[in-house]
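Coordinates in review
One-letter residues, chain by chain:
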Amino acid sequence: MSTQEPAATRRQVTIRTLRQKKEKGQSITMLTAYDYLTARAVDQAGIDAILVGDSLGMVMLGYENTLPVTMDDMLHHCRAVARGAQYALLVGDMPFMSYQVSVEQAVGNAGRFLQEAGMDAIKLEGGRERADAVRAIVAAGIPVMGHLGLTPQSVHQLGGFSPQGRQAAAARHLLEDARILEQAGCFSLVLESVPAQLAELVSRRLAMPTIGIGAGLGCDGQVLVTHDLLGLYDRFTPKFVKQYARLHDEILRAFAAFQEDVAARAFPAPEHTVLMADAEWQALLQELE
Ligand code: KIV
């Protein structure tokens, strides 16, 4: 069965589409992509939104966390994704220190995602402390997705990659932050690694759609890091990930088989080989005698 909607009924997903899906009680889907081929596949599968997440620092570039990722890294990967996707809403993740220094810098860097890299919207992490930046970016005409809960760019402040909002006071703080972000103009909010009851409460109290990762079923949509979903990232798999494939194992199997075939001279086989016509070969040999 094809997962792709017929071209005639398939429409460009916009921030309005996401709002309408929430209003109709339809779940929103988002996956990360960092390259052309993956973006094509995510788009063809009918996923609503593609996040070019700064998680690329870990799963593509091999860093321990997302902090070393730069604007140049992000724009490079965003451009590749934009070339591969046709319908999905494209969200570029603002990297660490690209929006924290000043509101002016935040607006300038947010603009680069749309102007230079084909994104439709940007995402940034943080609550009330980012409200001024969100307001200014939205005022410049750039849609902003918020991100609360486990915000990986604050890993050192949070003391690790652990769930957030488990105590009543922290949960109240997160709910207030969510309201502030909505009032500042965010069109959607990622809730990462927060208790399911809290995520559901936030989702009910906000008009903007929430997209959960490790935040239970009560969110308006779900996002996963594609490398986790595909079982490609073998270093660590968070508890909230469902692996829909085990591609790392499959890739290892293929590489090991290639290694064995070449060692055993079983590759290339006749079907992978080009030969000269016998007459041409004999002519060459005669010439060389
Ligand atoms: O960078 C990323 O991939 C993210 C998702 C985990 C939401 O922020």
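About the cut-offs
Residues numbered from 1 in each chain as written. Predicted model: local features only at pLDDT ≥ 70, side-chain atom pairs only at ≥ 80, totals over all residues. Heavy atoms only, no water. Salt bridge = Lys/Arg side-chain N within 4 Å of Asp/Glu carboxyl O. Helix = DSSP H or I, 4+ residues; strand = E, 2+ residues; numbered from the N terminus. Buried < 20%, exposed > 50% of the residue type's maximum accessible area, 1.4 Å probe, protein only. Near = heavy atom within 4 Å. Polar contact = N/O pair within 3.5 Å; in protein donor to acceptor, adjacent residues only side chain to side chain. Areas by Shrake-Rupley, 256 points an atom, 1.4 Å probe, with all protein chains shown as cover. Nonpolar A, V, L, I, M, F, W, Y, C, P; charged D, E, K, R; others polar. Axes fitted to C-alpha atoms, helices over the stretch in contact; angles between N-to-C directions. Parallel < 35°, antiparallel > 145°, perpendicular 65-115°, else oblique. Left-handed = near helix turned anticlockwise from the far one by under 90°. Contact = heavy atoms within 4.5 Å. Patch = residues over 30% accessible without salt bridge, like charges linked within 9 Å, V, L, I, M, F, W, Y side chains within 5 Å. Pairing = 2+ DSSP bridges. Domains from an automatic or database assignment. Core = buried A, V, L, I, M, F, W, Y, C linked by side-chain atoms within 4.5 Å.

Here we take up the pattern of salt bridges. Evaluated as defined, the whole model comprises 11 salt bridges. Of the charged contacts in the structure, one is a salt bridge between Arg128 and Asp177, with a shortest N-O distance of 2.6 Å. In this pair, Arg128 sits in the loop between strand S4 (121-123) and helix H6 (131-139) while Asp177 sits in helix H8 (residues 168-184), placing the two residues 49 residues apart along the sequence. Take Asp177: its relative accessible area is 7%, and that puts it in the buried class. One salt bridge connects Arg204 with Glu200, and the closest N-O pair in it is separated by 3.0 Å. Of the two residues, Arg204 and Glu200 both sit in helix H9 (residues 196-205), four residues apart, roughly one turn of that helix. The class for Arg204 is exposed, based on a relative accessible area of 62%. Three or more residues joined by partner-sharing salt bridges are found here, namely Arg79, Arg112 and Glu116.

What follows deals with the site of the ligand. Neighbouring the ligand are Thr32, Leu51, Gly53, Asp54, Ser55, Asp93, Lys123, His147, Val190, Glu192, Ile213 and Val225. With respect to the ligand, the side chain of Asp93 contributes an N or O atom lying 3.2 Å from an oxygen atom. One nitrogen or oxygen atom from the side chain of Lys123 is found 3.1 Å from an oxygen atom belonging to the ligand. When the ligand sits alone it has 260 Å² of accessible area, and the protein chains cover 96% of it. Broken down by class, the residue content of the shell around the ligand amounts to four nonpolar, four polar and four charged.

As a packed pair, H6 and H8 sit with axes 8 Å apart at the nearest point and diverge in direction by 25°. The angle between the axes of H6 and H8 places the two elements in the roughly parallel class. Crossing handedness for the pair H6 and H8: right-handed. Contacts between H6 and H8 pair Ala131, Val134, Arg135 and Val138 from the former with Ile180, Leu181 and Ala184 from the latter. Taken together, the residues that form the contact of H6 with H8 break down as six nonpolar, no polar and one charged.

With that settled, consider a nonpolar patch on the surface. Together, Met60, Leu61 and Tyr63 give the surface a local cluster of nonpolar side chains, amounting to about 230 Å² of exposed area. In this fold, Tyr63 is placed in the loop between helix H3 (56-59) and helix H4 (71-84).

This brings us to the sheet that holds strand S8 (residues 221-224). One closed barrel holds the eight strands; their spatial order is S1-S2-S3-S4-S5-S6-S7-S8, and the pairing between them is parallel. Across the sheet, the mean angle separating the axes of adjacent strands is 25° when strand polarity is ignored. Both strand S7 (residues 210-213) and S8 contribute to a ladder of two bridges, which runs parallel. Residue pairing in the sheet places Ile211 in a bridge with Gly221 of S8.

Turning to the domain arrangement of the protein chain, a few remarks are in order. Taken as a whole, the protein chain is organised into domain 1 (15-245) and domain 2 (250-288). A straight line from the C-alpha centre of domain 1 to that of domain 2 covers 48 Å.

Let us now look at the environment of Ala33. By the element assignment, Ala33 lies in the loop between strand S1 (28-32) and helix H2 (36-44). According to the relative accessible area criterion, Ala33 is buried, its value standing at 0%. Sequence separation between Ala33 and Trp281 is 248 residues, and the spatial gap between their C-alpha atoms is 49 Å. Dropping the residues within four chain positions of it, Ala33 is found in contact with Thr38, Ala39, Ile50, Leu51, Val52 and Val81.

At a minimum axis separation of 10 Å, H4 and helix H5 (residues 103-115) run at an interaxial angle of 20°. With respect to each other, H4 and H5 are oriented roughly parallel. Judged by the twist between their axes, the crossing of H4 over H5 is right-handed. Along the contact surface, H4 presents Met71, Asp72, Met74, Leu75 and Cys78, while H5 presents Asn109, Arg112 and Phe113. A per-class count over the contact of H4 with H5 returns five nonpolar, one polar and two charged.

What follows deals with the nonpolar core. If you look at the biggest cluster of nonpolar residues, it comprises 73 residues, and the most contacted ones within it are Ile50, Phe113, Ile122, Ile137, Leu189, Leu191 and Val202. When residues of this core are assigned to their parent elements, the largest contribution, six residues, is made by H8. Ignoring sequence-local partners within four residues, the contact set of Val202 consists of Leu174, Leu175, Ala178, Leu189, Leu191 and Thr210.

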